[in-house]
Amino acid sequence: MLTLASKLKRDDGLKGSRASATASDSTRRVSVRDRLLVKEVAELEANLPCTCKVYFPDPNKLHCFQLTVTPDEGYYQGGKFQFETEVPDAYNMVPPKVKCLTRIWHPNITETGEICLSLLREHSIDGTGWAPTRTLKDVVWGLNSLFTEDFRNKVEDYIKCYAR
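Rules used throughout
Residues numbered from 1 in each chain as written. Predicted model: local features only at pLDDT ≥ 70, side-chain atom pairs only at ≥ 80, totals over all residues. Heavy atoms only, no water. Salt bridge = Lys/Arg side-chain N within 4 Å of Asp/Glu carboxyl O. Buried < 20%, exposed > 50% of the residue type's maximum accessible area, 1.4 Å probe, protein only. Helix = DSSP H or I, 4+ residues; strand = E, 2+ residues; numbered from the N terminus. Pairing = 2+ DSSP bridges. Axes fitted to C-alpha atoms, helices over the stretch in contact; angles between N-to-C directions. Contact = heavy atoms within 4.5 Å.

J.: Would you take a moment to explain the pattern of salt bridges for this structure?
T.: Opposite charge on two side chains permits pairing when their charged atoms draw close. Within this structure, the stated rule accounts for three salt bridges. Notably, a salt bridge pairs Asp-34 with Arg-33, separated by 3.4 Å at the nearest N-O pair. Comparing Asp-34 with Arg-33, the two get one shared label, buried. A salt bridge links Arg-33 to Asp-89, with the shortest nitrogen-to-oxygen separation between them at 3.0 Å. Here the residue Arg-33 occupies a position in helix α2 (residues 25–46), and Asp-89 occupies one in the loop between β3 (81–86) and β4 (97–100), the gap between them amounting to 56 residues. Overall, the relative accessible area of 38% leaves Asp-89 in the partly exposed class.

Structural data, given as structure tokens:
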């Protein structure tokens, strides 16, 4: 993580001299995303649930990382579920793209690994979808909540309600 932060500092020095006139809009957008990610990753690592681990295959690419959730309660206790997260260039105006890499039966995860979680939707009917005020910490805590006891109780209530 420090590698990217030092790279951003070096880039700031270059921008002041000659690069700012030649930088394209897409480069600036990526730079904004990377600046946000440096701060958000630090916050995420400081506030990570005990059941989650974050892994960055390339410390220079904070926009691609893996999350491992190992629930300590409920139906999925003892399981190990891997998610791949990619943060798009237009972040934080659009949500990160998350895919479950572990084959699992879960009411909110499809066979292909797509995740149904309102905060990962760009547009949501109920108003709980993605907003620029959300962070990666919210995404990780949301994914973790899919495996907690509270979620299990909600699913059981849903089944009881519609089984009548």
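J.: Quick question: what am I supposed to make of the sheet that holds β4 here?
T.: The strands making up a sheet are joined through hydrogen bonds of the backbone, oriented either antiparallel or parallel. Strand order in the open sheet made by the four strands is β1-β2-β3-β4, with antiparallel pairing throughout. Across the chains shown, the open sheet's two edge strands, defined by having one partner strand only, are β1 (52–55) and β4. Between one strand axis and the next, the sheet turns through 25° on average, direction left out of account. Bridge count between strand β2 (residues 64–69) and β3: six bridges; the pairing is antiparallel. The partner of Phe-65 across the bridge, within β3, is Thr-85. Packing against the sheet, helix α3 (residues 136–145) makes contact with β1, β2, β3 and β4, and its axis sits at approximately 35° to β2.

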